[in-house]
Amino acid sequence: MRMFDILKNGRWRLCAAAFTAGVFLAPAAYADTVIVTADHMVDTLNGTVTDNPVVTITDGRIVSVSSGAAPETGDDIRRVDLPGMTILPGLIDMHVHLTGLAEIGGYRMFQYTDAFWTVAGVANARATVEAGFTTVRNLGSSDYADVALKQGIERALVPGPRIVPATYAIGVTGGHCDNNFLPPSYDAKSEALAEGKAALRARVREHRKYGAEVIKICATGGVFSKGTTVGEQQMSVDEIRDVVEIAHMLGMKVAAHAHGNEGIKAAIRGGVDTIEHASYLDDEAIRMAKEAGVAFSMDIYNTEYTLAEGEKNGVLEESLAKERQVGGIQRESFRKAVAAGATVVFGSDAAIFPHGHNARQLPVMVRFGMTPVQALQAATSKAARALGREGDVGAIAAGRYGDIIAVEGDPTRDVGILTNVRFVMKGGEVVKDAR
């Protein structure tokens, strides 16, 4: 069946037959109401705990939040009671790579066909949502696989979190986001290299055309790229500004991979919205970020995993050496940024460690300077604000999606219990119930 007919004026329209067959039809909207009760609820907007919460969700969104006895329900209203449990909003990870696997590193990646990584993404998406992360920002994938995952999840073909996709990360020749693994005879390049004003702007527009909702740039070298120095600046302020101007005009935020201090400052001057990794931070960079309203997304959990498992997984010795160099420095930068009152959000870089283990970063954030409540807010309300989705996610509040997780104990005292999420609801539908 042809999906489209071409009109004489060159515009496209959907065939009536496609509608008849159900092609491209959106999934049916929720037509039910569900009431969720528990012993306690974490209010991530103000960091307090409420007893005996009653949350009413209609058509996938929260319509009311109260406390006390739940109202009587009829046959047309579902009810989910979580006695002995504490509920909080679904968690948000601002930096994942759903189509990557920590267990396959370095040159071992070339043993697999291109489509394999999308298949891996299906399993990773499920592990992520079942771990309690109901929203993620996917900062870089090949073949528009993150958009494919998003579409499959939204059509309920596979389980997974809400995805804000970046598609390909935009970089420069030989930089962190280029393919530097093969010799010149292969002419291997990233699909999203761009240099010069016109090319950078065109790349942003192309990304949006094919489904990107956020733009990622590589402003410095990185740990897992071959032949780059972690801290070296790779994009100028003007190049960054060219990307940001078009992205913001199109309603998209910009995330900058930036380890080195000068690259971080260039990204802030260029107008980006978040700095990823932010390993080398001086006081001036932190001050600049605070003044500009730029959030830091710092992946401070994965050092131990990389150094313990990386060699076995095929990670290059070059990358292991860079991790040994930068890991401790990044954690001290995290401590400094938190102490200075900078906005720090939860971003794990999942795929550097196995998916589904994202919450293991929360206790590390506490170890390096955050209170448990600050760590919770970094993965909920503050992340939602940095994502530009504070009306949808990040809190159990009227108008937001019915994304709710439940744990035993009080996560405002011990965030470590979030590594064992027992119950997950997304949009009013139960995704996991392991009570």
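Note that the structure is predicted; figures quoted are calculated from it, not measured.

Caption draft 1: Structural context of the side chain of Lys 216. Structurally, the position occupied by Lys 216 is in strand E11 (residues 214-218). Of note is the side chain of Lys 216, whose polar atom sits 3.3 Å from the backbone oxygen of Leu 139. Once residues lying within four places of it in the same chain are set aside, the contact partners of Lys 216 are His 95, His 97, Leu 139, Ala 166, Tyr 168, Ala 169, Ile 170, Ala 255 and His 257.

Caption draft 2: Highlighting the sheet that holds strand E9 (residues 133-138). Taken together, the three strands give an open sheet; going across it, the order is E8-E9-E10, and neighbouring strands pair in parallel fashion. The open sheet has two edge strands with one neighbour each: strand E8 (91-96) and strand E10 (162-165). Taken over all neighbouring pairs, the strand axes of this sheet differ in orientation by 15 degrees on average, direction set aside. In this sheet, E9 lies alongside E8 in parallel orientation, the contact comprising four bridges. Considered in E9, the bridge of Asp 93 is made with Val 136.

Caption draft 3: Highlighting the packing of helix H4 (residues 197-209) against helix H5 (residues 237-249). It is the contact of H4 with H5, at a shortest axis distance of 9 Å, that shows an interaxial angle of 35 degrees. Crossing of H4 over H5 shows right-handed handedness. Residues Lys 197, Leu 200, Arg 201, Val 204 and Arg 205 of H4 form the contact with H5, whose own contacting residues are Glu 239, Asp 242, Val 243, Glu 245, Ile 246, Ala 247 and Met 249. The class makeup of the residues in the contact of H4 with H5 is six nonpolar, no polar and six charged.

Caption draft 4: A look at the confidence of the model for the protein. Model confidence for the protein is summarised by a mean pLDDT of 92, while 93% of its residues fall at 70 or above. Low pLDDT, under 50, characterises residues 1-30; the stretch is placed with 37 contacts to residues that sit more than four places away or in other chains.

Caption draft 5: Broad picture of the pairing of strand E13 (residues 274-277). Of the strand pairs in this sheet, strand E12 (residues 253-258) and E13 are connected by four bridges, and their pairing is parallel. Bridging from a neighbouring strand, Ala 255 pairs with Thr 274 of E13. Taken together, the three bridges between E13 and strand E14 (residues 295-297) define a ladder with parallel strand orientation. Bridge pairing in E14 links Glu 276 to Ser 297. You can see the chain leave E13, run along helix H7 (residues 283-292) and come back into E14, and the turn it takes is right-handed.

Caption draft 6: Looking closely at the side chain of Asp 178. In this fold, Asp 178 is placed in the loop between E10 and H4. This buried residue, Asp 178, is left without a salt bridge; Lys 189 holds the nearest opposite charge, at 7.7 Å. Engagement of the side chain of Asp 178 in a polar contact is seen with the backbone nitrogen of Gly 174, the distance being 2.8 Å. Those residues within four positions of Asp 178 in sequence are excluded, and the remaining contacts are Val 172, Thr 173, Ala 188, Lys 189, Ser 190 and Leu 193.

Caption draft 7: Quick peek at the pattern of salt bridges. All chains considered together, the criterion is met by 28 salt bridges. Two residues, Glu 276 and Arg 137, come together in a salt bridge whose shortest N-O distance is 2.8 Å. Taken together, the residues Glu 276 in strand E13 and Arg 137 in strand E9 connect sequence positions 139 residues apart. You can call Glu 276 buried: its relative accessible area is 0%. For Glu 262, the salt bridge goes to Lys 265, with nearest N and O atoms at 3.8 Å. You can see Glu 262 and its partner Lys 265 sitting in helix H6 (residues 261-270), three residues apart, about one turn around the helix.

Cut-offs used in this document
- Residues numbered from 1 in each chain as written.
- Predicted model: local features only at pLDDT ≥ 70, side-chain atom pairs only at ≥ 80, totals over all residues.
- Heavy atoms only, no water.
- Helix = DSSP H or I, 4+ residues; strand = E, 2+ residues; numbered from the N terminus.
- Polar contact = N/O pair within 3.5 Å; in protein donor to acceptor, adjacent residues only side chain to side chain.
- Contact = heavy atoms within 4.5 Å.
- Pairing = 2+ DSSP bridges.
- Axes fitted to C-alpha atoms, helices over the stretch in contact; angles between N-to-C directions.
- Left-handed = near helix turned anticlockwise from the far one by under 90°.
- Nonpolar A, V, L, I, M, F, W, Y, C, P; charged D, E, K, R; others polar.
- pLDDT = per-residue confidence, 0-100.
- Right-handed = clockwise from strand over helix to strand, strands pointing away.
- Buried < 20%, exposed > 50% of the residue type's maximum accessible area, 1.4 Å probe, protein only.
- Lys, Arg positive; Asp, Glu negative; His and termini not counted.
- Salt bridge = Lys/Arg side-chain N within 4 Å of Asp/Glu carboxyl O.

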